[in-house]
Amino acid sequence: MTMQLIYSTASPYARTARIVVRELSLLNQVEEVFQHPFENPELLITANPLCKVPCLVVDGNGLFDSQVICEYLDSLAGDKLFAEISKNWQLKTLYSLTRGILDSCVAWQQDKMRDQSQRSEFWQQRFISSIERGLEHFAGRLDELPKGFSALHINLVTALEYLSFRHSEYQWQQKHPQLIDWYQKYKSRTSITDTAPE
Ligand SMILES: N[C@@H](CCC(=O)N[C@@H](CS)C(=O)NCC(=O)O)C(=O)O
């Protein structure tokens, strides 16, 4: 069975799905199709009425959003990346926190894309504060994360690299030095280097 994963290179959500594909050695079953959502491509709109990436097309049906795609792919490969998370409410909550941090990072970027006069200092500060508190929460709990490389690790590495990519002025290494050693352990994995945002 060949599935199509519709993605854009800048999307951190799409990146998590692409990392999962590589971690689970599913590249031979998943064809990655680049589409820019702002161009409203037919393939994407047909598969996902929200016209957002990522979207996985399986037997003509769209699967979304990124969490659903990642969990679906993991189920095909024998439940590796979510195994510990799905059995533990605290880990599930930490996983949700990684998604919330990604949401704030993307919302902040969307605000930056507006004309200067339409940007909101209020909302930017709220996004930045939630990112800051979220990463501090992790900085104090690194020993509570799943032992192996998991879906939670994937989201957190993706969030840190998205900050470097879109919000370098945030200087996450300076703000959260406890996360640097943790990040160094994972940043050279092929799944990570292969999917770096452009
Ligand atoms: N909750 C969704 C968010 C997906 C999302 O917002 N993707 C963005 C790219 S980062 C997108 O496609 N935006 C297009 C739009 O909002 O029209 C997920 O986890 O997949």
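Residues numbered from 1 in each chain as written. Predicted model: local features only at pLDDT ≥ 70, side-chain atom pairs only at ≥ 80, totals over all residues.

## So, the overall build of the protein
Heads up, the condition is: Strands here mean DSSP runs of E at least two residues long; helices mean DSSP runs of H or I at least four residues long; both are numbered from the N terminus. Only the C-alpha atoms count toward the radius of gyration. The rule for a globule is 2.2 Å times the residue count to the power 0.38. Residue burial is a threshold on neighbouring C-beta atoms within 10 Å of the residue's own C-beta, all placed from the backbone, with 20 or more meaning buried, 12 or fewer meaning exposed, and counts in between meaning partly exposed. Residue pairs are scored as contacts if the distance between their C-beta atoms, which are placed from the backbone, is within 7 Å.
Summing up its helical and strand segments, the protein has 10 helices and 4 strands in all. Along the protein, helices (α) and strands (β) appear in the sequence β-α-β-α-β-β-α-α-α-α-α-α-α-α when read from the amino end. Relative to the compact-globule value of 16 Å for 198 residues, the protein shows a C-alpha radius of gyration of 17 Å, a close match. Taken along the three principal axes of its C-alpha coordinates, the protein extends 45 × 45 × 30 Å. Put simply, the protein has 198 residues, and 34% of those count as buried. Across the protein, the fraction of contacts at a sequence separation of at least 24, relative to all contacts at a separation of at least 6, is 68%.

## Notes on the nonpolar core
As a reminder, the rule being used: We call a set of buried Ala, Val, Leu, Ile, Met, Phe, Trp, Tyr and Cys residues a nonpolar core when their C-beta atoms link them within 7 Å. Note that the domain bounds were set by an automatic or database domain assignment.
Counting 46 residues, the largest nonpolar core has Ile6, Ala17, Val20, Cys55, Cys105, Ala151 and Ala159 as its most contacted members. Put simply, the parts of the chain that give this core at least two residues each are β1 (3-7), α1 (12-23), α2 (42-47), β3 (55-58), α3 (66-76), α5 (89-112), α6 (121-139) and α7 (151-166). Take this core: its biggest share by element is 9 residues, from α7. When residues of this core are assigned to domains, at least three fall in each of domain 1 (3-76) and domain 2 (83-189). If we ignore the near neighbours within four places in the chain, the residues touching Ala159 are Pro12, Thr98, Ile101, Leu102 and Cys105.

## Some details on the site of the ligand
As a reminder of what qualifies: By definition, a residue lies near a molecule or strand when the C-beta atom built from its backbone is within 6 Å of it. When residues are sorted by character, Ala, Val, Leu, Ile, Met, Phe, Trp, Tyr, Cys and Pro go into the nonpolar class, Asp, Glu, Lys and Arg into the charged class, and all the rest, Gly among them, into the polar class.
Around the ligand, the neighbouring residues are Ser11, Tyr13, Pro37, Cys51, Lys52, Val53, Pro54, Phe64, Asp65, Ser66, Gln67 and Val106. Grouping the constituent residues of the shell around the ligand by class yields 7 nonpolar, 3 polar and 2 charged.

## Brief notes about α7
Selection criterion: A helix is expected to span 1.5 Å multiplied by its residue count minus one.
Between its terminal C-alpha atoms α7 stretches 22 Å, which fits the 22 Å expected from 16 residues at 1.5 Å a residue. A large share of α7 lies buried, amounting to 12 of its 16 residues. Buried within α7 we find Ala151, Leu152, His153, Ile154, Asn155, Leu156, Val157, Thr158, Ala159, Leu160, Tyr162 and Leu163.

## Brief notes about the domain arrangement of the protein
By domain assignment, the protein separates into domain 1 (3-76) and domain 2 (83-189). Taken over C-alpha atoms, the centre of domain 1 sits 21 Å from the centre of domain 2. At the junction of the two partners, domain 1 supplies 9 residues and domain 2 supplies 11 residues. If you list the elements that add at least two residues to the side of domain 1 that touches domain 2, you get α1 and α3. Ranked by the residues each element gives to the side of domain 1 that touches domain 2, the list is headed by α1, at 7 residues.

## Considerations on the pairing of β3
Quick note on the threshold: At least two DSSP bridges between two strands are needed for those strands to be called paired.
By the bridge criterion, 3 bridges tie β1 to β3 in an arrangement that is antiparallel. The partner of Gln4 across the bridge, within β3, is Val57. Looking at chain direction, β3 and strand β4 (residues 61-63) are connected through 3 bridges and run antiparallel. Residue pairing across strands places Val57 opposite Gly62, the latter belonging to β4. The turn joining β3 and β4, which pair antiparallel and follow one another in sequence, is formed by 2 residues; a positive phi near 50° is taken by Asp59.

## So, the sheet that holds β1
In plain terms, the rule: Each axis is a line fitted through C-alpha atoms, and for a helix only the stretch in contact is used; angles between axes span 0 to 180 degrees, taken between their N-to-C directions.
As summarised here, the arrangement of the 4 strands in space is β2-β1-β3-β4, forming an open sheet in which the pairing is mixed. What marks the edges here is a single partner per strand, and that holds for β2 (30-34) and β4. Strand-to-strand twist of the sheet, defined as the mean angle between neighbouring strand axes without regard to direction, takes the value 25°. Taken strand by strand, α1 contacts β1 and β2, and its axis lies near 145° from that of β1.

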